[in-house]
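Residue strings, one per chain:
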Amino acid sequence: MSNLHICSLRSSSRGNSTVVFSDRTKILVDCGISCRMAVSALSDINIEPKEIAAIVVTHEHSDHIRGVGLFSKRFNTPVYANSATWSLMGENLSGVAEENVRIIEEEPIVIGDIKVCAFAIPHDAANPVGYTFVSGNEKVSVATDMGTVNENIYNALCGSDKVLLEANHDLNLLSMGGYPEPLKRRIRGERGHLCNEKAGEFALSLLKSGTKKFMLGHLSGENNNPDLAYVTVRGILSQSGAGEGDGFTLKMAYPDKISDII
């Protein structure tokens, strides 16, 4: 029976929050949505907010930290982030009590029965990270907000059973859309966001290394849509010769509702 599960509470350029949980331990990755929305979404999957053992923060952008301070204040929840991220979170984290301010750098930490490891990602933030979570013989990873995939990221995610991976934009939609050209360059850049094709190529490399379950998240509302991301990545994964259902599972994270639990 599976020990580690992952569910996206919300995922988009407007707000992101994911819960990774075992029977004993429940951890939020970011809370870039309102505290009320987070509580409601957790209730939908039968998790009480007081059960959240910690919030681990990937980086300081508002779509990842908007609700962190109030959630921590209301439920006395420890918040983990690296020093550079803490220095820039400012008023968003004003509700976090001093005893709940926790530092996580490169060394793994243990929260309940889950080992948590941070790894660097290329994004235009102070010191952005993704996370891997290990409990028993299972590994779950969360990797969004990265303009490119490098060897460090591959090595961090390699061996994951389940991965939440960014598929932020479709290159054609971004190119033809109404964003100013400097913003388009930022999104396409090495410290921006992964397009559907790059997400698919990375997922294919992880599939070949043993990962079987994927969830696509952080989709742009203007430059992508769930159907397009799903079809693009599924097509690339199918190049392995494996089919969906027997060789791999592909799920979506949504901007306006919770995802399936994987």
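Note that residues are indexed from 1 along each chain, following the sequence as it is written. Predicted model: local features are reported for residues with pLDDT of at least 70 only, side-chain atom pairs are reported and counted for 80 or more only, and whole-chain, interface and lining totals are derived from all residues. Side-chain descriptors were evaluated using all non-hydrogen atoms of the structure, hydrogens and water having been removed beforehand.

Participant: Would you explain the side chain of N224 in this entry?
Facilitator: By definition, any uninterrupted DSSP run of H or I lasting at least four residues is a helix, any uninterrupted run of E lasting at least two residues is a strand, and each is numbered from the N terminus. Structurally, N224 is set in the loop between β12 (213-217) and α9 (226-237). Pairs of N or O atoms are called polar contacts if they sit within 3.5 Å, as long as, within protein, a hydrogen donor faces a hydrogen acceptor (for residues adjacent in sequence, only side-chain-to-side-chain pairs). A distance of 2.9 Å separates a polar side-chain atom of N224 from the backbone oxygen of A167. Of note is the side chain of N224, whose polar atom sits 3.4 Å from the backbone oxygen of N168. Here, residues are in contact when the closest pair of their heavy atoms is within 4.5 Å. What N224 contacts, discounting residues up to four positions off in sequence, is A167, N168, H169, D170, L173, N196, L219 and A229.

Participant: Is there a simple way to think about the packing of aromatic side chains in this case?
Facilitator: To describe a pair of aromatic rings, you give the distance between the ring centres and the angle between the ring planes. Pairing of aromatic rings covers Phe, Tyr and Trp, the last counted by its six-membered ring, and requires centre-to-centre distances within 6.5 Å; plane angles under 30 degrees mean stacked, over 60 mean edge-to-face, and any other angle means tilted. As enumerated under the stated definition, the model contains 2 aromatic pairs in all. Pairing F71 with F75 gives two aromatic rings, centres 4.9 Å apart and planes at 55°, and the pair type is tilted. Of the two residues, F71 and F75 both sit in helix α3 (residues 68-75), 4 residues apart, roughly one turn of that helix. Accessible area is worked out with a 1.4 Å probe on protein chains only. A residue is then buried under 20% of its type maximum, exposed over 50%, and partly exposed in between. Given a relative accessible area of 0%, F71 falls into the buried group. Judged by relative accessible area, which is 18%, F75 ranks as buried. Their ring planes at 35° and their centres at 6.2 Å tell us that Y131 and F133 sit as a pair that is tilted. Neither Y131 nor F133 differs from the other in exposure class; each is buried. To sit over a ring, a charge needs its Lys NZ or Arg CZ within 6 Å of the ring centre and within 35 degrees of the ring normal. The cationic tip of K257 hangs over the ring face of Y254; the distance from NZ or CZ to the ring centre is 4.5 Å.

Participant: Looking at this structure, I do not really get the packing of helix α8 (residues 196-209) against α9. What am I missing?
Facilitator: Describing two packed helices takes the angle between their axes plus the distance from one axis to the other. Convention adopted: a line fitted to C-alpha atoms gives each axis, helices being fitted over their contacting stretch, and angles between N-to-C directions are expressed from 0 to 180 degrees. Axis separation between α8 and α9 bottoms out at 8 Å; the angle between their running directions is 40°. On the basis of the axis angle, α8 is oblique to α9. As α8 runs across α9, the sense of the crossing is right-handed. Between α8 and α9, the contacting residues are N196, E197, A199, G200, E201, A203, L204 and L207 on the first element and L228, A229, T232, V233, I236 and L237 on the second. Of the residues in the contact of α8 with α9, the class split is 9 nonpolar, 3 polar and 2 charged. Angle categories: roughly parallel below 35 degrees, roughly antiparallel above 145, roughly perpendicular from 65 to 115, and oblique for all the rest. Crossing chirality is assigned from the near helix's rotation relative to the far helix, an anticlockwise turn below a right angle marking it left-handed and a clockwise turn marking it right-handed. Residues are grouped as follows: Ala, Val, Leu, Ile, Met, Phe, Trp, Tyr, Cys and Pro are nonpolar; Asp, Glu, Lys and Arg are charged; all remaining types, including Gly, are polar.

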